[in-house]
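Residue-level listing of the chains:
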Amino acid sequence: MSHSPPTPPPNSPRRSEVHLNRARASLRQAVQRYARPQRLPKTYPQALDLQSALNADRDRLTASLDKLDQSLIRIAVFGLVSRGKSALINALVGQKLLQTGPLHGVTRWPRSVYWSLAGGAESLQVELIDTPGLDEVGGDIRADVAREVAYQADLILFVIAGDVTRTEYQALVELQQAQKPILIVFNKADLYPDQDRQTIYRKLEALFAGELESDRPCPIASPNEILLAAADPAAVQVRVELPDGQVTYEWEAPPPQVAELRQTLADFLQREGKSLLALNALRQARTAQADIAQKTLQLYQDEAEDLIWRFARWKAIAVAANPIAVLDLLGGAATDLVMIRSLARLYGLPMTGYEASKLWNAIVWSSGSLLLGEVGSGLLLGFGKSTAAIASAFDSVAGFAAYGSAAIAQATLAGYGSFRVGKAAQAYLERGSTWGPQGADTLIQAILDQIDADTVMRQLQKELTDPGRSP
């Protein structure tokens, strides 16, 4: 007897690879869909500016695909000044590539270092991004730099060096709005006696579990996401015996103590790295596609309005003239499907007949009682119109009057219903093509559904599925 292969467990390397491959296929499809430049309508005064913005959105979409093709994970290191961010990166890669020193904030702009991981994550490239101290660059510049780096990152390391200050806490809450996994690194732990270090660690656990502040948006980290490190340990005095028997004392710097952090990152990337890479690329692609579609709708707004009204008039006339009730509904639905596909073609968003029918069903059922009521009323009026048509064969005056009244009422309902479908289709098209089986929305939800509760990504599941948060 043959058996189907077992389903890979959530967040296993095999499942992570599946997520990456599906995301790559989705983004390639999206890049191809938007590769064709749109025709510029002469009636739109800022068409060239909008076309330039569309090209920038397409570049963002292509960049997301390139990042997937390179299997590039970006880890951004944030923290206040003098918390040892640069030293931490140097310690992780095993080389002193970034400048460190006693000055107040050596790093002025984000800088990148590439890190080769041993173990099961060799297929991933890792870019470590060193950032200026969050209290070093002031005002809007600091906020813009932090926001852009956090947006591009897949994982955030937030470096502290003791008790969390109010400024650190606020910066951490703001970074959490990027909805990326966050690991807290308690650096310079060697400067504290063991008892003090444990006391601070317990306070950090309580803080990030929400036990000390009740007005915090949500827990930021669990205990296994708070890691101790000493990237640049303080020099210690050692006793040295010389060959002649003399004894002297020298100051010696111990090796960096980042083994726990390095192993945690390696394990995480091996098990979840490709899933996280896929998730973030899909989120960025979804935003880019929505921006492209929104600008495209703006570009062709007048033409789309004319198209919707034209189909509404055709549908109203056809329904009024047709005496058979069932054909009214079938013909009206067919008219709406053609309108949806015509809108998609106008916007440069290819759509099959199957996709158009799925969208039409979604619009009708999601509209609640309004469109469904119009369908029911149209059916009743259609039967009344059919009866009047039969009656007109025997009593021409009364029959034609009844037929005309029913036809006008049904045509009005049909035309308005088509207008509603057209406007709703515009709203769906404004999201790009993210809702289909290979769309970003579908794949993002599939990844979120398969996240384990005990992983670094588990907070993302809550944040991205919380209706009160924007994805």
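Scroll up to find the structure.
Keep in mind that this is a model prediction, so the values were computed, not measured.

### Description of the overall build of the protein chain
- Each helix and strand in the protein chain was counted, giving 14 helices and eight strands.
- Partitioning the intrachain contacts of the protein chain with sequence separation of at least 6 by distance along the chain shows that 74% fall at a separation of at least 24.
- Counting every atom, the protein chain has about 23100 Å² of accessible surface; 57% of that belongs to carbon and sulfur.

### Remarks on the packing of helix 7 (residues 259-299) against helix 13 (residues 440-449)
- The geometry of helix 7 relative to helix 13 is characterised by a closest axis approach of 9 Å and an angle of 150° between their N-to-C directions. With respect to each other, helix 7 and helix 13 are oriented roughly antiparallel. With respect to the hand of their crossing, helix 7 and helix 13 are arranged in left-handed fashion. Of the residues in helix 13, those touching helix 7 at Ser 275, Ala 278, Leu 279, Leu 282, Arg 283, Arg 286 and Gln 289 are Ala 440, Asp 441, Leu 443, Ile 444, Ile 447 and Leu 448.
- Residues that form the contact of helix 7 with helix 13 fall into these classes: eight nonpolar, two polar and three charged.

### Looking at the packing of helix 3 (residues 85-93) against helix 7
- Running from amino to carboxyl end, helix 3 crosses helix 7 at an angle of 70°, the nearest separation of the two axes being 10 Å. With respect to helix 7, the axis of helix 3 lies roughly perpendicular. Listed contacts from helix 7 to Leu 88, Ala 91 and Leu 92 of helix 3 are Leu 261, Arg 262 and Leu 265.
- Looking at the contact of helix 3 with helix 7 residue by residue, the classes come out as five nonpolar, no polar and one charged.

### Re the nonpolar core
- By size, the foremost hydrophobic cluster in this structure holds 82 residues, and its most contacted members are Leu 265, Ile 340 and Leu 343.
- For this core, the element with the highest residue contribution is helix 7, accounting for 16 residues.
- Beyond its immediate chain neighbours, meaning those up to four positions away, Leu 265 contacts Ile 75, Leu 92, Trp 115, Leu 155, Leu 157 and Leu 183.
- Ranked by size, the runner-up nonpolar core spans 26 residues in total, among them Ile 129, Ile 156, Phe 158 and Ile 226.

### Quick notes on the environment of Ala 91
- Turning to its location among the elements, Ala 91 is positioned in helix 3.
- Taking C-alpha positions, Ala 91 is 7.7 Å from Asp 232, a pair spaced 141 residues apart along the chain.
- Beyond its immediate sequence surroundings of up to four residues, Ala 91 is in contact with Ala 231, Pro 256, Val 258 and Arg 262.

### Points about the environment of Glu 305
- Assignment of secondary structure puts Glu 305 in helix 8 (residues 301-321).
- For Glu 305, the contacting residues outside a window of four places in its chain are Lys 423 and Gln 426.
- Of the polar contacts made by the side chain of Glu 305, one reaches the side chain of Gln 301; its length is 2.9 Å.

### Thoughts on the pairing of strand 8 (residues 247-252)
- Here strand 7 (residues 236-241) runs beside strand 8; their pairing, made up of six bridges, is antiparallel. If you follow Glu 241 over to strand 8, its bridge partner there is Val 247.
- Where strand 7 folds back on strand 8, the antiparallel hairpin that results is connected by five residues, among which Gly 245 adopts a positive phi of roughly 95°.

### A closer look at the sheet that holds strand 6 (residues 226-228)
- Ordered by their spatial adjacency, six strands build an open sheet running 2-3-1-4-5-6, and the pairing between neighbours is mixed. Lying at the two open borders of the sheet, with one neighbouring strand each, are strand 2 (111-115) and strand 6. Each strand axis lies, on average, 25° off the axis of its neighbour in the sheet, ignoring direction.
- Sheet analysis places strand 2 next to strand 3 (residues 125-130), joined by five bridges and oriented antiparallel. Considered in strand 3, the bridge of Tyr 114 is made with Glu 127.

### A short note on the pairing of strand 3
- Where burial is concerned, most of strand 3 is hidden: five out of the six residues are buried.
- Judged from the six bridges that link them, strand 1 (residues 72-79) and strand 3 form a sheet pairing that is parallel. Bridging across to strand 3, Ile 73 finds its partner in Val 126.

### Here we look at unusual backbone geometry
- We note that Gln 179 has phi near 55°; this positive angle belongs to a residue other than glycine.
- Counting through the fold element by element, Gln 179 comes out in the loop between helix 5 (166-176) and strand 5 (182-186).
- Phi angles above zero are rare outside glycine, and Lys 188 is one such case at about 60°.

### Overview of the pattern of salt bridges
- Applying the stated rule across the entire model yields 16 salt bridges.
- Across the pair Lys 295 and Asp 57 runs a salt bridge, and its minimum N-O distance is 2.9 Å. Within this pair, whereas Lys 295 is found in helix 7, its partner Asp 57 is found in helix 2 (residues 47-69), the two being separated by 238 residues in sequence.
- In this structure, the salt-bridge partner of Arg 111 is Asp 130, at a minimum N-O distance of 3.7 Å.

Reading guide: rules and limits
- Residues numbered from 1 in each chain as written.
- Predicted model: local features only at pLDDT ≥ 70, side-chain atom pairs only at ≥ 80, totals over all residues.
- Heavy atoms only, no water.
- Helix = DSSP H or I, 4+ residues; strand = E, 2+ residues; numbered from the N terminus.
- Contact = heavy atoms within 4.5 Å.
- Areas by Shrake-Rupley, 256 points an atom, 1.4 Å probe, with all protein chains shown as cover.
- Axes fitted to C-alpha atoms, helices over the stretch in contact; angles between N-to-C directions.
- Parallel < 35°, antiparallel > 145°, perpendicular 65-115°, else oblique.
- Left-handed = near helix turned anticlockwise from the far one by under 90°.
- Nonpolar A, V, L, I, M, F, W, Y, C, P; charged D, E, K, R; others polar.
- Core = buried A, V, L, I, M, F, W, Y, C linked by side-chain atoms within 4.5 Å.
- Buried < 20%, exposed > 50% of the residue type's maximum accessible area, 1.4 Å probe, protein only.
- Polar contact = N/O pair within 3.5 Å; in protein donor to acceptor, adjacent residues only side chain to side chain.
- Pairing = 2+ DSSP bridges.
- Salt bridge = Lys/Arg side-chain N within 4 Å of Asp/Glu carboxyl O.

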